[in-house]
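Descriptive structure summary
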Amino acid sequence: MTTHLTPLFVLVGATLPLGVAALACNSADRDEGAEHVASAEDELPRRGRFGDFEATTERNTRNLLQRGQEIFRFDTFGDEQFWGGKLRLHESIAKVTPAQALELGLKVDADALPSRLRDKIARGQVDLDDPAVTLSLLQLDAILGVTGFFNDRGKLISIGLQCAFCHSTVNDSVRPGIGTRLDGWANRDLDVGAIIATAPTLQPIVDLLPKVPAGITEAGVREVLLSWGPGKYDAELLLDGKAFQTDGGTSLATLPPPDERTSAATLLPNAFDMGGVNEHTWTGNWGSVPYWNAFVAVTQLHGKGNFFDPRLNDPVKYPNAAATGIWNVVVGPKDDLVTSKLPALHFYQLALPAPKPEPGRDFNEEAAERGAKLFTGKAKCTDCHNKPLWTDAGWNLHTPEEMKIDAFQANRAPGNSYKTMNLAALFVRELGLFMKPKNKGRFYHDGRFATLLDVVRSYNERFDLGLDSGEKRDLVEYLKSL
């Protein structure tokens, strides 16, 4: 035994810090004070370095959540240099009345209002036809997703947009369009195109489309923006220049007659219930939440930050992106107002839960129970929609051929595929909660199906499911229950 212990003892003395080695070698001579030191050292294996890791994690969680919420709701990423500085959008916003803003789908955060003002609005004692009220709401940071910049004299001098502009709404607790924030809920009333089209000049957008065939004009761009309609946006327009679906994507230079136009824009997606899900947009291989946040902040909101995706440097598929260089935007560290905010923003978005339907109010419970059996059985929905993600676990993309639908929107994406949409909170759209009646429903990426029953009928036909009319209705009730 001695022959083995001696080398080990030598090794301990050679590798431990001098103080610790001395304690190990002189254990027989410890006095009371030494015993006290030894007791403290005995704690090291339990505490050790980073012993407060759990507490640090909890603090980090709170900080990320709070910071992410602030970024989602209020951060413009410096995009006011585009919306205000180039398009001069603030000049038109300054003339818009609250009634007109609400008609355009803008929402007002009631909790940002002084209680007296909130009560007066609820009682109809505020003139919503006065543009000065709009400016007051901007000064209170009460218009979701919009920041107004004012000079010392109270004049609106610029405007900036945030994530909440498209991906938050309100619960109409004060009046339609005015209520408590609902972050992550797509604003299906928001007419993004019509709002941008009010800008005094659209030339900066024309300048971002240099590879579109000659003949593009501000008037043409304005027509395209107005064609989007409520709750829609075209994130690929500045990449490929395709404005309408006619003939695989008509360019802005050759607009088809109005009665032949099918917009290339897609519905704004929800930004909740995204945890554990691979792809998050309608089409494939773009990337998940952090990619999309950087893409939107830099290339769509036109904030100041870095963005890199060499796939977009394709002069055939993405002629505009290749020509303008928006696939590789580089700014200095001091000028980057985006990258440092991506972690907290991502964290907050993953924390946003899907709203839950109420049995008996939002869906028929008995019919939903029957529909649940169809969902996992005859209708074969779980082939792609896996509980509780309600999308594919893992690679949640499918080709147009698999989906048995057209390839137009899929082919605008890097992966030429469609995402299996997660189904949580379908009842919100089906019932039209907190949206104008004309904007309720609208399912699939382009809103081609007016109701969930239309969706079920289409799947029944495309995949020969053999569902009868009662089964279709039961399946709809189950979908509303998710």
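Residues numbered from 1 in each chain as written. Predicted model: local features only at pLDDT ≥ 70, side-chain atom pairs only at ≥ 80, totals over all residues. Heavy atoms only, no water.

**What about the overall build of the chain?**
When its secondary structure is counted, the chain shows 22 helices and 14 strands. When the 482 residues of the chain are sorted by exposure, 49% land in the buried category. Restricting to contacts in the chain with at least 6 residues of sequence separation, those with at least 24 account for 67%. (Helix = DSSP H or I, 4+ residues; strand = E, 2+ residues; numbered from the N terminus. Buried < 20%, exposed > 50% of the residue type's maximum accessible area, 1.4 Å probe, protein only. Contact = heavy atoms within 4.5 Å.)

**Let's talk about empty space enclosed by the protein**
One way to see where empty space is left: roll a probe the size of a water molecule over the atoms. All chains considered together, the criterion is met by seven cavities of 30 Å³ or more. Considering only enclosed or pocket space, the largest cavity measures out at about 640 Å³ in volume. Every residue lining the largest cavity is counted, 37 residues in all, and those nearest its centre are His167, Tyr233, Pro269, Trp292 and Val296. Secondary-structure elements contributing two or more residues to the lining of the largest cavity are helix H10 (164-167), helix H11 (192-197), strand S10 (266-267), helix H15 (289-300) and helix H17 (342-351). It is H15 that contributes the most residues to the lining of the largest cavity, six residues altogether. For the lining of the largest cavity, a count of residues per class yields 24 nonpolar, eleven polar and two charged. (1 Å grid on protein atoms, 1.4 Å probe; cavity = no way out; pocket = protein on both sides within 12 Å on 5 of 7 lines; lining within 4 Å. Points joined across faces, edges and corners; volume = space filled by probe spheres on them. Nonpolar A, V, L, I, M, F, W, Y, C, P; charged D, E, K, R; others polar.)

**Focus on the pairing of strand S3 (residues 156-161)**
Burial runs high along S3: five of the six residues are buried. Both strand S2 (residues 146-150) and S3 contribute to a ladder of five bridges, which runs antiparallel. Bridged to Thr147 within S3 is Gly160. Linking two consecutive strands that pair antiparallel, namely S2 and S3, is a turn of five residues; a positive phi of about 80° is found at Gly154 within it. (Pairing = 2+ DSSP bridges.)

**Some details on the packing of helix H4 (residues 53-74) against H17**
Axis separation between H4 and H17 bottoms out at 7 Å; the angle between their running directions is 95°. If you check the angle between H4 and H17, you find them roughly perpendicular. Residue-level contacts link Thr61, Leu64, Leu65, Arg67, Gly68, Gln69, Ile71, Phe72 and Arg73 of H4 to Pro343, Ala344, Leu345, Phe347, Tyr348, Gln349 and Ala351 of H17. Of the residues in the contact of H4 with H17, the class split is ten nonpolar, four polar and two charged. (Axes fitted to C-alpha atoms, helices over the stretch in contact; angles between N-to-C directions. Parallel < 35°, antiparallel > 145°, perpendicular 65-115°, else oblique.)

**A look at the layout of surface pockets**
Of the voids in this model, the largest pocket is the one considered here, and its volume is about 740 Å³. Around the largest pocket, the lining is made up of 30 residues, and of these His385, Met403, Tyr444, Val455 and Tyr459 lie nearest the centre. Looking at the lining of the largest pocket, the element that brings in the most residues is helix H21 (residues 452-462), giving four residues. Taken together, the residues that form the lining of the largest pocket break down as 21 nonpolar, four polar and five charged. Considering only enclosed or pocket space, the second largest pocket measures out at about 230 Å³ in volume. In this structure, the second largest pocket is lined by 15 residues; those nearest its centre are Gln81, Lys86, Val298, His302 and Gly303. Contributions of two or more residues to the lining of the second largest pocket are made by helix H5 (80-83) and H15. Here the residues of the lining of the second largest pocket sort into eight nonpolar, five polar and two charged.

**A few points about helix H9 (residues 131-139)**
Those residues of H9 lying buried are Val133, Thr134, Leu137 and Leu138. Buried positions in H9, seen along its axis, are confined to an arc of 145° and lie on one side of it. In the core, the buried residues of H9 are packed alongside helix H6 (89-93), helix H7 (98-103), strand S1 (108-109), S2 and S3. Between a side-chain oxygen at the N-terminus of H9 and the backbone nitrogen of Ala132 the separation is 3.0 Å; the capping residue is Asp130. Phi for Asp141, located one or two positions after H9, is positive at around 55°. (Arc of directions from axis to C-beta. Polar contact = N/O pair within 3.5 Å; in protein donor to acceptor, adjacent residues only side chain to side chain.)

**A word on the pattern of salt bridges**
In this structure the tally under the stated criterion is 19 salt bridges. Between Glu91 and Arg88 there is a salt bridge, and its shortest N-O distance comes to 2.9 Å. Looking at Glu91, the relative accessible area reads 34%, which means it is partly exposed. The closest approach of N and O atoms between Glu223 and Arg261, which form a salt bridge, is 2.7 Å. (Salt bridge = Lys/Arg side-chain N within 4 Å of Asp/Glu carboxyl O.)

**A few points about helix H18 (residues 365-376)**
The terminal C-alpha atoms of H18, which comprises twelve residues, lie 17 Å apart, in line with the 16 Å expected from a rise of 1.5 Å per residue. Every buried residue of H18 is accounted for by Ala367, Ala368, Gly371, Leu374 and Phe375. Down the axis of H18, the buried side of the element spans an arc of 110°, and every buried residue falls inside it. Every exposed residue of H18 that faces more than 90 degrees away from the buried side is listed here: Glu366, Glu369, Lys373 and Thr376. In this structure, the buried side of H18 is in contact with helix H22 (469-480). The N-capping residue of H18, defined by a side-chain oxygen 3.1 Å from the backbone nitrogen of Glu366, is Asn364. (Expected span 1.5 Å × (residues − 1).)

**Regarding the packing of aromatic side chains**
Scanning all chains against the criterion turns up 18 aromatic pairs. Here Trp286 and Tyr318 contribute two aromatic rings whose centre-to-centre distance is 6.4 Å and whose plane-to-plane angle is 50°, an arrangement assigned as tilted. Within this pair, whereas Trp286 is found in the loop between S10 and H15, its partner Tyr318 is found in the loop between strand S11 (307-308) and helix H16 (319-324), the two being separated by 32 residues in sequence. Note on accessibility: Trp286 and Tyr318 belong to one class, buried. Here the aromatic residues Trp286, Tyr291, Trp292, Phe295, Phe307 and Tyr318 are joined through ring pairs into a cluster of three or more. (Phe/Tyr/Trp six-rings, centres within 6.5 Å; stacked < 30°, edge-to-face > 60°.)

**Digging into the nonpolar core**
Counting 111 residues, the largest nonpolar core has Trp83, Phe165, Ile205, Trp286, Phe295 and Leu312 as its most contacted members. A total of six residues in this core trace back to one element, the largest contributor, which is H15. Setting aside residues no more than four positions away along its own chain, Phe165 makes contact with Leu106, Leu144, Gly145, Val146, Asn187, Leu190, Val192 and Ile195. (Core = buried A, V, L, I, M, F, W, Y, C linked by side-chain atoms within 4.5 Å.)

**A look at the side chain of Ser158**
Looking at where Ser158 falls in the secondary structure, it is placed in strand S3. For Ser158, a relative accessible area of 11% gives the class buried. Within polar-contact distance, the side chain of Ser158 engages the backbone oxygen of Glu80 at 3.2 Å. If sequence neighbours within four positions are ignored, Ser158 has contacts with Glu80, Gly84, Gly85, His90, Thr147, Gly148 and Phe149.

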